[in-house]
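Examining the three-dimensional arrangement
Below, each chain spelled out in residue letters.
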Amino acid sequence: MAYDKFNILTSSAVPLPIENVDTDQIIPARFLKATERKGFGDNLFRDWRYNSDGTPKEQFVLNNPIYSGKILVGGKNFGSGSSREHAAWAVYDYGFRCVVSSFFADIFRGNCLNIGVLPVQVSPEFLDKIFKAIEANPKTELEVNLPEEKITILATGESEGFDINNYKKQNMLNGFDDIDYLLNIQKDIEKYAESTPL
């Protein structure tokens, strides 16, 4: 399943300064029945966003109209817990294309990279600067530059580099998942197979 190409993302951000956000909080287990990637955004952080009667919890950040954007900024150890890929699907389906944290659970990070959500891991100090910039001005924009592997707080010009596996980087730049990548090099695979004796 191809997804949007990721190159340079400039956007305001939604702050979620909570540590140890696990996948059951991102998408509760009762919403895991679907096998397609669509529709999960409606239930992103469901138990934090809505009361039991379905009414929005006004104090939760996704229900606060002053915050918006394609970047979610989370606390340390984001995406811990079970390995459900639906958590990454929910993040993508809601409209986020990047999640920033000072630490990600490995499986969640991988699931994000597989579907076009860029996990940007920064130092705790830089994460704190981002939270403070958003607190000072909710419209503060961040620039996430994938080719240069750099994130910048545009209001202050402060920036920090981040690491990403080169294979995943190239896939994100091209909007490929693993199957798209293989299809893209199909002719090279066929050529190699024809030239290689059994």
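For the structure, see preceding data.
So, here is what we can say about the structure in this document. All figures in this text were calculated on a predicted structure; none of them were measured in a lab. (Residues numbered from 1 in each chain as written. Predicted model: local features only at pLDDT ≥ 70, side-chain atom pairs only at ≥ 80, totals over all residues. Heavy atoms only, no water.)

Turning our eyes to something else, we now look at the overall build of the protein chain. Regarding its fold elements, the protein chain presents eight helices and seven strands. Going through the 198 residues of the protein chain one by one, you find that 44% of them count as buried. Restricting the contact set of the protein chain to residue pairs at least 6 apart, pairs at least 24 apart contribute 67%. Accessible surface, the protein chain as shown: approximately 10500 Å² in total, 50% of it carbon and sulfur. (Helix = DSSP H or I, 4+ residues; strand = E, 2+ residues; numbered from the N terminus. Buried < 20%, exposed > 50% of the residue type's maximum accessible area, 1.4 Å probe, protein only. Contact = heavy atoms within 4.5 Å. Areas by Shrake-Rupley, 256 points an atom, 1.4 Å probe, with all protein chains shown as cover.)

Membership of the largest hydrophobic core comes to 54 residues, with the highest contact counts inside it found for Phe45, Val73, Phe78, Val100, Leu118 and Val144. Those residues within four positions of Val144 in sequence are excluded, and the remaining contacts are Phe6, Asn7, Ile8, Leu9, Ile71, Cys98, Leu118, Val120, Lys150, Ile151 and Phe162. (Core = buried A, V, L, I, M, F, W, Y, C linked by side-chain atoms within 4.5 Å.)

The contact between helix α3 (residues 86–94) and helix α4 (residues 106–115) brings their axes to 8 Å, and the two run at 50°. What the angle tells us is that α3 and α4 run oblique. Crossing angle aside, the handedness with which α3 passes α4 is right-handed. Touching Ala87, Ala88, Trp89, Val91 and Tyr92 of α3 are Phe108, Asn111, Cys112 and Ile115, all from α4. Of the residues assigned to the contact of α3 with α4, the class counts are eight nonpolar, one polar and no charged. (Axes fitted to C-alpha atoms, helices over the stretch in contact; angles between N-to-C directions. Parallel < 35°, antiparallel > 145°, perpendicular 65-115°, else oblique. Left-handed = near helix turned anticlockwise from the far one by under 90°. Nonpolar A, V, L, I, M, F, W, Y, C, P; charged D, E, K, R; others polar.)

Enumeration over the complete set of coordinates arrives at six salt bridges. Close ionic contact of Asp4 with Arg97 constitutes a salt bridge, the shortest N to O distance being 3.7 Å. Of the two residues, Asp4 sits in the segment before β1 (8–16) while Arg97 sits in the loop between α3 and β3 (98–101), which places them 93 residues apart along the sequence. The exposure class of Asp4 is partly exposed, given its relative accessible area of 46%. For Arg97, a relative accessible area of 16% gives the class buried. As a salt-bridge pair, Glu158 and Lys129 come within 3.0 Å of each other at their nearest N and O atoms. Of this pair, Glu158 sits in strand β7 (residues 158–161) while Lys129 sits in helix α5 (residues 124–136), and the two are 29 residues apart along the sequence. Classification of Lys129 as partly exposed rests on a relative accessible area of 38%. (Salt bridge = Lys/Arg side-chain N within 4 Å of Asp/Glu carboxyl O.)

Attention now goes to helix α6 (residues 166–174). Those residues of α6 lying buried are Lys168, Lys169, Asn171, Met172 and Leu173. Capping the start of α6, Asn165 holds a side-chain oxygen 2.9 Å from the backbone nitrogen of Tyr167, two or three residues further along. Positive phi shows up at Gly175, right after α6, with a value of about 75°. (Polar contact = N/O pair within 3.5 Å; in protein donor to acceptor, adjacent residues only side chain to side chain.)

We now examine the packing of aromatic side chains. As enumerated under the stated definition, the model contains eight aromatic pairs in all. The rings of Phe45, Trp48 and Phe60 are connected pair by pair, giving a single aromatic cluster. Geometry around Tyr92 places Arg97 over its ring, the cationic atom sitting 3.7 Å from the centre. (Phe/Tyr/Trp six-rings, centres within 6.5 Å; stacked < 30°, edge-to-face > 60°. Lys NZ or Arg CZ within 6 Å of the ring centre and 35° of its normal.)

What follows is about the pairing of β1. Counting buried positions over the nine residues of β1 gives seven, a clear majority of the element. When β1 meets strand β5 (residues 141–145), the two strands line up antiparallel, connected through five bridges. Along β5, the bridge assignment pairs Ser11 with Leu142. Of the strand pairs in this sheet, β1 and strand β2 (residues 71–74) are connected by four bridges, and their pairing is parallel. (Pairing = 2+ DSSP bridges.)

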